[in-house]
Amino acid sequence: MRIQRLLILGFALLVAGCAGDSGNIRPGTSSNEAAEANLDLGIEYMRRGEYETALEKLNRANKADPRYHAVYNAYGLLYERLGEYEQAEKHYRTGLSLNSKDSMIRNNYGLFLCNRGRYSEAEEQFLQAASNPLYDSPDIAMSNAGTCAREDGDMEKAEEYFRRALKSNPNIPSALKQMSQISFEKENYLSARAYLQRYLENARHTAETLWLGIRIERKLGDKDAESSYGLLLRNNFPDSEEATLYNSSRNRNQ
């Protein structure tokens, strides 16, 4: 199980407001405005997958204001996408050295560390991000801490962090899905069903959640619900690993 990579892009989605590039920043723009404008352009090009142009815009932003910490966050995201992990870490750390209270950078750096298997370091970054009273998404950082703890094999700590994330935001899909999975693994099937139902009130089914629903209802003996989940899985994700597992399990039970 991996941390959802979409969470890494939260920063990009929040600050990217420019859908196009007119070519150059207008003459007379202050250095900070130029940095912000080029940062927005860099993030937009990164979102499109045009990494070379994104790097050019980030370099312009950095030249306009070398101490603008948000640029280093974007550098970190870009270099991580490019697989240049030493550069990515260098830029995340530089951003934090310029603004240690930037929880967006801490969350992204935590994701970077967790995906490198550096779990204790990642946990520290997530908890610092979540503890910042000015951070508007502490639930995301706390949910990421839970996911990272699961990857590290610490189910007790993972459950604690997911519960804390849900206390902050009762509707965060990632925490609801993983609490359903944990409840299923602990054989608390009614609880697993309840968490999955709450997840579906806030997010769409994936092949993973449909397969989880099948297994939950199979344990609870609700054949109609199991069949409904199975039909959705086979129709919507016919080529998925989960659909293969479901078909195999049906064949064994026939």
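For the structure itself, consult the block above.
This is a predicted model, so every value here is computed, not measured. (Residues numbered from 1 in each chain as written. Predicted model: local features only at pLDDT ≥ 70, side-chain atom pairs only at ≥ 80, totals over all residues. Heavy atoms only, no water.)

K.L.:
In this structure, what is going on with the packing of helix 4 (residues 69–81) against helix 5 (residues 85–98)? I would like to understand it.
P.N.:
Between two packed helices, the angle of one axis relative to the other and the distance separating the axes together describe the packing. Relative to each other, helix 4 and helix 5 sit at 165 degrees, their axes nearing to 8 Å. By the angle between their directions, the pair helix 4 and helix 5 is classed as roughly antiparallel. Of the two possible hands of crossing, helix 4 and helix 5 adopt the one that is left-handed. Where helix 4 abuts helix 5, its residues His-69, Tyr-72, Asn-73, Tyr-75, Gly-76, Leu-77, Tyr-79 and Glu-80 lie against Tyr-85, Gln-87, Ala-88, His-91, Tyr-92, Thr-94, Gly-95 and Leu-98. Across the contact of helix 4 with helix 5, the residue classes break down as eight nonpolar, seven polar and one charged. (Axes fitted to C-alpha atoms, helices over the stretch in contact; angles between N-to-C directions. Helix = DSSP H or I, 4+ residues; strand = E, 2+ residues; numbered from the N terminus. Parallel < 35°, antiparallel > 145°, perpendicular 65-115°, else oblique. Left-handed = near helix turned anticlockwise from the far one by under 90°. Contact = heavy atoms within 4.5 Å. Nonpolar A, V, L, I, M, F, W, Y, C, P; charged D, E, K, R; others polar.)

K.L.:
Explain unusual backbone geometry here, please?
P.N.:
With glycine set apart, most residues show a phi of negative sign, and most peptide bonds adopt trans. We note that Glu-187 has phi near 65 degrees; this positive angle belongs to a residue other than glycine. If you trace the backbone, Glu-187 turns up in the loop between helix 10 (173–185) and helix 11 (189–200). Using a relative accessible area of 57% as the deciding quantity, one classes Glu-187 as exposed. (Buried < 20%, exposed > 50% of the residue type's maximum accessible area, 1.4 Å probe, protein only.)

K.L.:
Would you mind showing me how to read the packing of helix 6 (residues 103–115) against helix 8 (residues 138–151) here?
P.N.:
At a closest axis distance of 10 Å, the pairing of helix 6 and helix 8 adopts a crossing angle of 10 degrees. Classified by the angle their axes make, helix 6 and helix 8 are roughly parallel. For the pair helix 6 and helix 8, the contacting residues are Asn-107, Leu-111 and Cys-114 in the first and Ile-140, Ala-141, Asn-144, Cys-148 and Glu-151 in the second. Looking at side-chain class alone, the contact of helix 6 with helix 8 contains five nonpolar, two polar and one charged residues.

K.L.:
Whenever I open this one, the state of the cysteines confuses me. Can you help?
P.N.:
Each disulfide consists of a covalent bond between the sulfur atoms of two cysteine residues. Counted by the stated rule, this structure contains one disulfide. Here Cys-114 engages in a disulfide with Cys-148; their sulfurs sit 2.2 Å apart. Its torsion about the S-S bond being 120 degrees, the disulfide of Cys-114 and Cys-148 is classed as right-handed. Of the two residues, Cys-114 is situated in helix 6 and Cys-148 in helix 8; the sequence distance between them amounts to 34 residues. Take Cys-114 and Cys-148: they sit in the same class, and that class is buried. (Disulfide = S-S within 2.5 Å.)

K.L.:
I keep staring at helix 5 and nothing clicks. Help me out?
P.N.:
Taking 1.5 Å of rise per residue, 14 residues should cover 20 Å, and helix 5 covers 20 Å from first to last C-alpha, within 8% of that figure. Along helix 5, the positions that sit buried rather than exposed are Ala-88, Glu-89, His-91, Tyr-92, Gly-95 and Leu-96. All buried residues of helix 5 lie within an arc of 165 degrees about the axis, which places them on one face of the element. Every exposed residue of helix 5 that faces more than 90 degrees away from the buried side is listed here: Glu-86, Arg-93 and Ser-97. Against the buried residues of helix 5 lie helix 4, helix 6 and helix 7 (119–131). (Expected span 1.5 Å × (residues − 1). Arc of directions from axis to C-beta.)

K.L.:
Explanation requested: the packing of aromatic side chains in the structure shown.
P.N.:
Both the distance between ring centres and the angle between the ring planes are used here to describe each pair of aromatic rings. Within the structure shown, the criterion is met by seven aromatic pairs. Each ring, one from Tyr-75 and one from Tyr-79, has its centre 6.1 Å from the other, and the planes form 20 degrees; the classification is stacked. Here Tyr-79 and Tyr-75 lie together in helix 4, a separation of four residues that amounts to about one turn. Here the two residues Tyr-75 and Tyr-79 agree in accessibility, since each one is buried. With centroids separated by 5.8 Å and ring planes inclined at 35 degrees, the aromatic side chains of Tyr-92 and Tyr-109 adopt a geometry described as tilted. With Tyr-92 in helix 5 and Tyr-109 in helix 6, the pair connects residues that are 17 residues apart, well separated along the chain. A single burial state applies to Tyr-92 and to Tyr-109, both of which are buried. Among the aromatic residues, those joined into a ring-pair cluster are Tyr-85, Tyr-92, Tyr-109 and Phe-112. (Phe/Tyr/Trp six-rings, centres within 6.5 Å; stacked < 30°, edge-to-face > 60°.)

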